[in-house]
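So the chains spell out like this:
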6 protein chains.
Amino acid sequence: MQLTSRFRFSAAHRLDAVELTPVQNRELYGKCNNPHGHGHDYVLDVTVEGPPDVSGLVARRAALDTLVREAVIQKLDHRFLNKDVAEFASAVPTTENLATVIRDYLKAAWTLPAKLVRVTIAETDRNTFVWEAGK
Amino acid sequence: MQLTSRFRFSAAHRLDAVELTPVQNRELYGKCNNPHGHGHDYVLDVTVEGPPDVSGLVARRAALDTLVREAVIQKLDHRFLNKDVAEFASAVPTTENLATVIRDYLKAAWTLPAKLVRVTIAETDRNTFVWEAGK
Amino acid sequence: MQLTSRFRFSAAHRLDAVELTPVQNRELYGKCNNPHGHGHDYVLDVTVEGPPDVSGLVARRAALDTLVREAVIQKLDHRFLNKDVAEFASAVPTTENLATVIRDYLKAAWTLPAKLVRVTIAETDRNTFVWEAGK
Amino acid sequence: MQLTSRFRFSAAHRLDAVELTPVQNRELYGKCNNPHGHGHDYVLDVTVEGPPDVSGLVARRAALDTLVREAVIQKLDHRFLNKDVAEFASAVPTTENLATVIRDYLKAAWTLPAKLVRVTIAETDRNTFVWEAGK
Amino acid sequence: MQLTSRFRFSAAHRLDAVELTPVQNRELYGKCNNPHGHGHDYVLDVTVEGPPDVSGLVARRAALDTLVREAVIQKLDHRFLNKDVAEFASAVPTTENLATVIRDYLKAAWTLPAKLVRVTIAETDRNTFVWEAGK
Amino acid sequence: MQLTSRFRFSAAHRLDAVELTPVQNRELYGKCNNPHGHGHDYVLDVTVEGPPDVSGLVARRAALDTLVREAVIQKLDHRFLNKDVAEFASAVPTTENLATVIRDYLKAAWTLPAKLVRVTIAETDRNTFVWEAGK
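Criteria and thresholds
- Residues numbered from 1 in each chain as written.
- Chains lettered and ligands numbered in written order.
- Predicted model: local features only at pLDDT ≥ 70, side-chain atom pairs only at ≥ 80, totals over all residues.
- Heavy atoms only, no water.
- Helix = DSSP H or I, 4+ residues; strand = E, 2+ residues; numbered from the N terminus.
- Buried < 20%, exposed > 50% of the residue type's maximum accessible area, 1.4 Å probe, protein only.
- Axes fitted to C-alpha atoms, helices over the stretch in contact; angles between N-to-C directions.
- Parallel < 35°, antiparallel > 145°, perpendicular 65-115°, else oblique.
- Left-handed = near helix turned anticlockwise from the far one by under 90°.
- Contact = heavy atoms within 4.5 Å.
- Nonpolar A, V, L, I, M, F, W, Y, C, P; charged D, E, K, R; others polar.
- Least-squares fit on C-alpha atoms with pLDDT ≥ 70 in both.
- Buried area = accessible area lost by both parts, 1.4 Å probe.
- Salt bridge = Lys/Arg side-chain N within 4 Å of Asp/Glu carboxyl O.
- Pairing = 2+ DSSP bridges.
- Phe/Tyr/Trp six-rings, centres within 6.5 Å; stacked < 30°, edge-to-face > 60°.
- Lys NZ or Arg CZ within 6 Å of the ring centre and 35° of its normal.
- 1 Å grid on protein atoms, 1.4 Å probe; cavity = no way out; pocket = protein on both sides within 12 Å on 5 of 7 lines; lining within 4 Å.
- Points joined across faces, edges and corners; volume = space filled by probe spheres on them.
- Polar contact = N/O pair within 3.5 Å; in protein donor to acceptor, adjacent residues only side chain to side chain.

J.: When you look at unusual backbone geometry in this model, what are you seeing that I'm missing?
T.: Leave glycine aside and you will find that most residues have negative phi; peptide bonds, for their part, are mostly trans. Residues and elements named next belong to chain D. Non-glycine residue histidine 78 carries a positive phi angle of around 60°. Examined against the element boundaries, histidine 78 turns out to sit in the loop between α2 (61–76) and β3 (79–80). With a relative accessible area of 7%, histidine 78 lands in the buried category.

J.: Just checking my understanding: could you explain the packing of helix α2 (residues 61–76) of chain C against helix α4 (residues 95–109) of chain C for this structure?
T.: Packed helices, taken two at a time, are described by the angle between their axes plus the distance between the axes. Residue and element names in this part refer to chain C. Running from N to C, α2 and α4 point in directions that differ by 140°, and their axes come no closer than 9 Å. Considering their axes alone, α2 and α4 lie oblique with respect to each other. Taken as a pair, α2 and α4 cross one another with a handedness that is right-handed. Here Leu67, Val68, Ala71, Val72, Lys75 and Leu76 of α2 come into contact with α4, specifically with Leu98, Ile102, Tyr105, Leu106 and Ala109. Looking at the contact of α2 with α4 residue by residue, the class counts come to 10 nonpolar, no polar and 1 charged.

J.: Help me understand the relation of the copies chain F and chain A in this model?
T.: Note that the two copies of the chain are related through a rotation about an axis and a translation along the same axis. With an axial shift of 0.0 Å and an RMSD of 0.0 Å, the rotation relating chain F to chain A amounts to 180°. In symmetry terms, the pair is related by a two-fold rotation axis. By residue overlap, the copies meet face to face through one surface: 100% of the interface positions of chain F are interface positions in chain A.

J.: Please explain the interface of chain A and chain B as it appears in this structure.
T.: Across the contact, 18 residues belong to chain A and 17 residues belong to chain B. Contact with chain B buries area across many residues of chain A, yet Met1, Gln2 and Ser55 of chain A alone supply 33% of it, more than any other trio. Taken together, chain A and chain B are joined by 2 salt bridges. Of the charged contacts in the structure, one is a salt bridge between glutamate 96 of chain B and arginine 61 of chain A, with a shortest N-O distance of 3.9 Å. Every element with two or more residues in the side of chain A that touches chain B is listed here: β1 (2–13) and α2 (61–76) of chain A. Taken together, the residues of the side of chain A that touches chain B sort by class into 8 nonpolar, 5 polar and 5 charged. Examined bridge by bridge, β1 of chain A and strand β5 (residues 127–132) of chain B share 4 bridges and lie antiparallel to one another. When the sheet's bridge partners are listed, glutamine 2 of chain A is paired in β5 of chain B with valine 130 of chain B.

J.: What is the right way to read the packing of aromatic side chains from this model?
T.: Two numbers describe a pair of aromatic rings. These are the distance of the centres and the angle of the planes. Counted by the stated rule, this structure contains 9 aromatic pairs over all chains. Taking the centre distance of 6.2 Å and the plane angle of 15° together, the rings of phenylalanine 80 of chain A and phenylalanine 80 of chain F count as stacked. With phenylalanine 80 of chain A in strand β3 (residues 79–80) and phenylalanine 80 of chain F in strand β3 (residues 79–80), the pair connects residues from two separate chains. There is no split in this pair, since phenylalanine 80 of chain A and phenylalanine 80 of chain F are both buried. Between phenylalanine 9 of chain C and tyrosine 42 of chain C, the ring centres sit 5.1 Å apart and the planes meet at 20°, which makes this aromatic pair stacked. Here tyrosine 42 of chain C lies in strand β2 (residues 38–49) and phenylalanine 9 of chain C lies in strand β1 (residues 2–13), a separation of 33 residues in the sequence. There is no split in this pair, since phenylalanine 9 of chain C and tyrosine 42 of chain C are both buried. Sitting over the face of the ring of tyrosine 105 of chain B, lysine 75 of chain B holds its NZ or CZ atom 4.3 Å from the ring centroid.

J.: Even after reading the chapter, I still don't get the layout of surface pockets, so can you show me in this structure?
T.: To find the voids left in a structure, one rolls a probe of water-molecule size over its atoms. All names here are of chain B. Estimates place the volume of the second largest pocket at around 270 Å³. Forming the walls of the second largest pocket are 20 residues, and the residues nearest its centre are Asp16, Asn82, Ala91, Val92 and Pro93. When contributions to the lining of the second largest pocket are tallied by element, the ones reaching two or more residues are α3 (81–84) and α4 (87–90). Sort the elements by how many residues they give to the lining of the second largest pocket and α4 lands first, with 3 residues.

J.: What should I look at first to understand the interface of chain F and chain A in this one?
T.: Reports often express the size of an interface as the amount of accessible area lost when the parts come together. Facing the 22 residues of chain F at the interface are 22 residues of chain A. Interface area for chain F against chain A, summed over the two sides, is near 1,900 Å², with a carbon-plus-sulfur share of 48%. Ranking the residues of chain F by area buried against chain A places His36, Asp41 and His78 of chain F at the top, with a combined share of 33%. Our count for the contact surface shared by chain F and chain A stands at 4 salt bridges. In this structure, the salt-bridge partner of arginine 8 of chain F is aspartate 125 of chain A, at a minimum N-O distance of 3.3 Å. Applying the counting rule to chain F against chain A returns 17 residue pairs in polar contact (both at pLDDT 80 or more). Among the secondary structure elements, those contributing two or more residues to the side of chain F that touches chain A are β1 (2–13), β2 (38–49), β3 and α3 (81–84) of chain F. Looking at the side of chain F that touches chain A residue by residue, the classes come out as 4 nonpolar, 9 polar and 9 charged.

On their own, these measurements won't tell you what the molecule is for.
Laid out in structure tokens, this is it:
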């Protein structure tokens, strides 16, 4: 049995790789390379897996909520990712890299009996990214 | 090829485990333990799998609809789960347990050539539960 | 300028008018008259109107949120409307009457400079109810 | 890491198998067999998989968009599938068969380093179809 | 108090005005002028207004549903509007004209005490059309 | 008859009024005052009104789309509002002020026979702002 719990946060970012020239960055990232950045209302789905225990729960919802809010949302919500989040000092804050960072935040903080099996993050209503355990 | 068909039903429930004390129930289930219960507009997705036959269909939509309505929706829609549904006389009607009951209802009534592979149920727009065959 | 802020709550209810016979209630309310009740994930939109002040705001979001949560959500969320909410001891908890009760709760608690102009409440994804000031 | 990108197109179709009699077609496809056809706003999700490269991307979004628009959307959007799309001269344009045709269009045009792993297409808000690689 | 009830239907159409030349039609309607037509999953919202009666209802939901299904949905659902619906023998089935036809269907069949005040129809997730009484 | 057409853009902003002290700004705008800004996927609905002409249209969709894209989207999409948009050099980029700026952009560029009657902008799925003509 899997439980997916949804969270939302709003952040700004700019896509610009230090390894590339300005022309290459512009060509690769298009308007996402605009100098001052832009932002999104990210939708984050965290999926856990395990058998329901005697109380009929895969995970205590309050515990899961607190963990995700403290480990992820408080660090990213209403931030400029490139400037406020240490992980994006060296990595470009694409949503792919953002999914990886969120997975690492969650793994480092994980204390629930249920297994973390998937992190899904939508940047807009047109683009969604998934990290899945064991893939 | 998989086909997922969506259904909706509205039901009331209260989360309260007989094995636990009132204080433990309150601590575990929070406001879901409120004495008179509350309710949800559940969204149910039933997924079947198989090769499209010569008519280009994985399953006859009318047959699938009738099966799910008779085996599931008529038993749960506009009910108070704890009081109206026999399975929840002994089990707490968490959405995890509800997903298991729906899977069992479907398996018992299944007559389609396509395989039942997944049952997904959303309790609110923030929490979704999945049972998947073979997992 | 109008600002609409969205809230959600989950509640149970049963439609049954004391003035009517059981047969009339059944005929009028259909499955909403089932004896033990059922429930919904209500979506509530509160709309306020006024000119943006010097800070560019029609209403301070935090103040509006606190007001709606204390005046409405805490009274209705995770409740059985007929049993837990005094107003529905005498009135049938249709969504029409629920909209009226919410409007009265909001008016009684209102302290914001912006005007309360509309209360919208969706019972399911198919039925939405609106009270509008001056109509 | 998987990236799912969403596209939309509007098309008409009629379900009618040449192998079946008019009575059989009517019984099998119901109102989808109405003689002049009807239509849908299809929602197409294309999922690709691969490791993010040094620029933090699973796939260059502009390249993926161009590929899907040229290989799929331009052929199907604002068309009557039975009359305008060669593949449906011989096959019934069920959404199952449509998913297969789209997968074939994509495979034939595929030039991206990331792997095409899933094609999801929703015909209405109630029915969704999935083709997945290796299943 | 207003109640809005949602319905869905799927239809095909082609935009082509007899008063215009082929070149003018192509220029005006673009790909909506493609010769064989295309289709949509229309979303129809019917809004009625009146005071809740003693039973707490603006309108009996079952009566409203039956009226809309018989007066509108059965005539338009799974049809090719230009070929199957008499009103579009002479008028172009734009969504504007479709809203007018639906309003006329509803007015002709109207038997409810509540007033019909608005007809809203979405052609896609990007374009919505509204007729409002007295405007 | 009204037609509402939907557009989307992604932008960053920071809420900070020059008339206020840092402490006052923090108290008023909360985390929206974070120093480096954050961002949103804004959803913009532009509503026009008029009688359908002989071609059955309230407005030529292509003309409306081009006007909104050139007058609004190109100026705001993938921008940091405070830094890239002249109007927000002096005004705080609240969504209220953003709605006013968009209305002014549209009015200055308006060339359509149909009247511009409403601008609706959602900042997140919880907060929506409306400017309406003549109110």
